[in-house]
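Here is how the chains run, residue by residue.
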Amino acid sequence: MSRQAYLPDLIRFNLTGGLELLGNLGEALHEGRISTQSRITRLVRLKLEGDRAADPSASSSPPLCRPVAIVTGANSGCGFELTKALLQAGYHVVLACRSATAAEAALDRLRQQTDLDDQMEFMELDLASLASVQNFCTEIRRRFPAPVSSTASGPGQGQGGALQLLVNNAGIMNTPYARTEDGFESQFGVNHVGHFVLTMNLLDLLEESSPNGRIINISSNAHMGVSRLNLTAWEDPQQYNSMLNYGLSKLANLLFTRSLHERLVARRAASPRRGHVTVNAVHPGPIATDLYRYTPLLNKLAPLLRAVMLTPAQGALTMVYMALSSDVKDVSGQYYAALHPRFSSDLGADMQAAQQLWDYTVKKLKSTNIPVRNLD
Ligand SMILES: NC(=O)c1ccc[n+]([C@@H]2O[C@H](COP(=O)([O-])OP(=O)(O)OC[C@H]3O[C@@H](n4cnc5c(N)ncnc54)[C@H](OP(=O)(O)O)[C@@H]3O)[C@@H](O)[C@H]2O)c1
């Protein structure tokens, strides 16, 4: 596709972002920003109350019996804020980060802010390396094996450390052209392929570990700037447009969510003893985070834009809701933003495109030597 043909998509892309910033300004003026923390606190409290009602002995459970959550890219931005809320809601959280230094700094800040040291740990995960993803999954399986007595109606009874939540949050945006260790265009490789392999390799563990597992994929309204699933934009460096390839990778997060939901339903129908795992996509909103480090114009305008962008905690709010709330216990295959289900673009709901992406990803993965589980 020529640069000219990209132009309408770029216009759509910028319009979507601009309109959203204006919408935020309106919302900020209308609601004020003070309520975010109290909303998160309320979601945490409701989750704790629900857990206590379901199992009165839960609050006295030893730390090893805590449900386990994995958050990718937990060291900064929304991932950090989500991690804090999950700790407060009683999860043992694995901070899945690529940099040990950044993760240790995040752990220090979390210790200061929560005093829940024994509930958090760092495990290395570089989504730009499928070998790293593979090692991470092996280590998670070793550390948190499925409870021996697991059944869909009551896994984990009397046992602990069971995986219940996977949040595919890490991401890069608008990066200069590069390839991952396995040869994928980097935004596609990190944002989609790495998370695809991570999720598929942990899927059976999630199903066996909890009657109600949840997967949350962090997508973006940036997917709306993409008018077609242009697979060659991931192959041909000449076609690389850093913003549109970001939009494509976020479209991939959404289409993966749609496909995975259908597969989870089919897997459960074939084997009802499996736990009920839901998968949803979230758009956190335009947030002032490090994600903009490769977008110099936005970085320069940052002081102005901060007035209309969300804080990381505000960006994390819908993630916290999708992770903790009993309201969405059975919701799956959906796209959420600002605490509500949202329409995606038509393409973001197109199951043929979702299948095409799935087939393409699996075909490309076959050319790597990385084994991927649960593809049938
Ligand atoms: N900010 C927004 O306006 C916005 C809007 C819509 C959607 N989102 C989505 O929200 C999610 C979180 O972004 P954010 O805004 O919170 O940005 P952020 O603060 O930059 O967080 C991104 C995280 O991803 C990690 N990461 C990047 N490459 C990685 C890799 N190869 N392996 C493992 N981790 C990696 C980063 O680690 P390092 O610190 O080591 O780089 C960082 O922890 C992303 O998926 C993003 O696409 C953001």
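Look above for the structure.
Below is a summary of the structure that appears in this document. (Residues numbered from 1 in each chain as written. Predicted model: local features only at pLDDT ≥ 70, side-chain atom pairs only at ≥ 80, totals over all residues.)

### Some remarks on the overall build of the protein chain
And step 1. Within the protein chain, the regular secondary structure consists of 11 helices and 8 strands.
And step 2. The buried share among the 376 residues of the protein chain stands at 45%.
And step 3. Put simply, of all contacts in the protein chain between residues at least 6 apart along the chain, 76% involve residues at least 24 apart. (Helix = DSSP H or I, 4+ residues; strand = E, 2+ residues; numbered from the N terminus. Buried ≥ 20, exposed ≤ 12 C-beta atoms within 10 Å, placed from the backbone. Contact = placed C-beta atoms within 7 Å.)

### Quick notes on the environment of N75
And step 1. Position of N75 relative to the elements: it lies in the loop between β1 (68–72) and α3 (77–88).
And step 2. Along the sequence, N75 and R98 sit 23 residues apart, while their C-alpha atoms lie 9.3 Å from each other.
And step 3. Sequence-distant contacts of N75, defined by excluding residues within four places in its chain, comprise F80, L95, C97, A102, A103 and A106.

### Remarks on the sheet that holds strand β7 (residues 335–337)
And step 1. Taken together, the 8 strands give an open sheet; going across it, the order is β3-β2-β1-β4-β5-β6-β7-β8, and neighbouring strands pair in mixed fashion. At either margin of the open sheet sits one strand with a lone partner, and together these are β3 (120–124) and β8 (340–341).
And step 2. Across 4 bridges, the pairing between β1 and strand β4 (residues 163–168) is parallel. Bridging across to β4, V71 finds its partner in V167. (Pairing = 2+ DSSP bridges.)

### Topic: the site of the ligand
And step 1. The ligand sits among 30 residues. The nearest are G73, G77, A170, G171 and T289.
And step 2. The element contributing the most residues to the shell around the ligand is α3, with 3 residues.
And step 3. Partitioned by chemical class, the residues of the shell around the ligand number 15 nonpolar, 12 polar and 3 charged. (Near = placed C-beta within 6 Å. Nonpolar A, V, L, I, M, F, W, Y, C, P; charged D, E, K, R; others polar.)

### Describing unusual backbone geometry
And step 1. Phi is positive for N174, which is not a glycine, with a value near 60 degrees.
And step 2. As for its position among the elements, N174 is in the loop between β4 and α6 (186–209).
And step 3. The phi angle at L339 is positive, at roughly 70 degrees, despite the residue not being glycine.
And step 4. With respect to the element layout, L339 can be found in the loop between β7 and β8.

### Structural notes on the environment of R306
And step 1. Note on placement: R306 falls in the loop between α9 (302–305) and α10 (312–324).
And step 2. Separated by 20 residues in sequence, R306 and P286 place their C-alpha atoms 9.8 Å apart.

### Looking at the packing of helix α7 (residues 242–270) against helix α11 (residues 351–366)
And step 1. Contact geometry for α7 and α11: axes closest at 9 Å, N-to-C directions at 100 degrees. In terms of orientation, α7 and α11 fall into the roughly perpendicular class. Residues A252, L255, F256, R258 and S259 of α7 touch α11, and the partners they reach there are M351, A353, A354, Q355, L357 and W358.
And step 2. Taken together, the residues of the contact of α7 with α11 break down into 8 nonpolar, 2 polar and 1 charged. (Axes fitted to C-alpha atoms, helices over the stretch in contact; angles between N-to-C directions. Parallel < 35°, antiparallel > 145°, perpendicular 65-115°, else oblique.)

### Overview of the packing of α3 against α10
And step 1. Where α3 contacts α10, the two axes come as close as 8 Å, and the packing angle between them is 50 degrees. Judged on the interaxial angle alone, α10 and α3 are oblique. Crossing of α3 over α10 shows right-handed handedness. The residues of α10 that touch α3, namely those facing G77, C78, F80, E81, L82, A85 and L86, are P312, A313, G315, A316, M319, V320 and A323. (Left-handed = near helix turned anticlockwise from the far one by under 90°.)

### Remarks on the nonpolar core
And step 1. Membership of the largest hydrophobic core comes to 93 residues, with the highest contact counts inside it found for L82, L95, V167, M319, V320 and A323.
And step 2. With 11 residues, the single largest contributor to this core is α6.
And step 3. With sequence-adjacent residues up to four places away left out, V167 is seen in contact with A69, I70, V71, T72, L82, I216, M319 and A323. (Core = buried A, V, L, I, M, F, W, Y, C linked by C-beta atoms within 7 Å.)

### Notes on α11
And step 1. In a regular helix each residue adds 1.5 Å, so 16 residues correspond to 22 Å; α11 covers 22 Å between its end C-alpha atoms and thus fits that length.
And step 2. Within α11, burial applies to A353, A354, L357, W358, T361 and L365. Projected down its long axis, α11 carries its buried residues within an arc of 140 degrees, all on one side. Opposite the buried face of α11, by more than 90 degrees, sit the exposed residues Q352, D359, K363 and K366.
And step 3. Residues of α11 that are buried in the fold lie against α6 and α7. (Expected span 1.5 Å × (residues − 1). Arc of directions from axis to C-beta.)

### Thoughts on α6
And step 1. For α6, spanning 24 residues, the distance from its first C-alpha to its last is 32 Å, which sits close to the expected 34 Å at 1.5 Å a residue.
And step 2. At L202, α6 is deflected by roughly 45 degrees, the largest bend along its length.
And step 3. Taken across its 24 residues, α6 has 23 buried, putting it largely inside the fold. (Bend = angle between axes of the 7 residues up to and from the residue.)

### Overview of the pairing of strand β6 (residues 276–283)
And step 1. Of all the 8 residues making up β6, 7 are buried; the element is thus mostly covered by neighbouring parts of the structure.
And step 2. Sheet topology note: the strand β5 (residues 212–218)/β6 ladder contains 7 bridges and is parallel. Of the residues in β6, the one forming a bridge with N217 is A281.

### Examining the pairing of β1
And step 1. In terms of residue burial, β1 counts as a mostly covered element, since 5 of its 5 residues are buried.
And step 2. Of the two faces of β1, the one carrying V68, I70 and T72 and the one carrying A69 and V71 are both buried.
And step 3. The pairing of β1 with strand β2 (residues 92–97) spans 5 bridges and is parallel. When the bridges of β2 are listed, A69 appears paired with V93.
And step 4. After leaving β1, the chain enters α3 and then returns to the sheet as β2, a path that is right-handed. (Right-handed = clockwise from strand over helix to strand, strands pointing away.)

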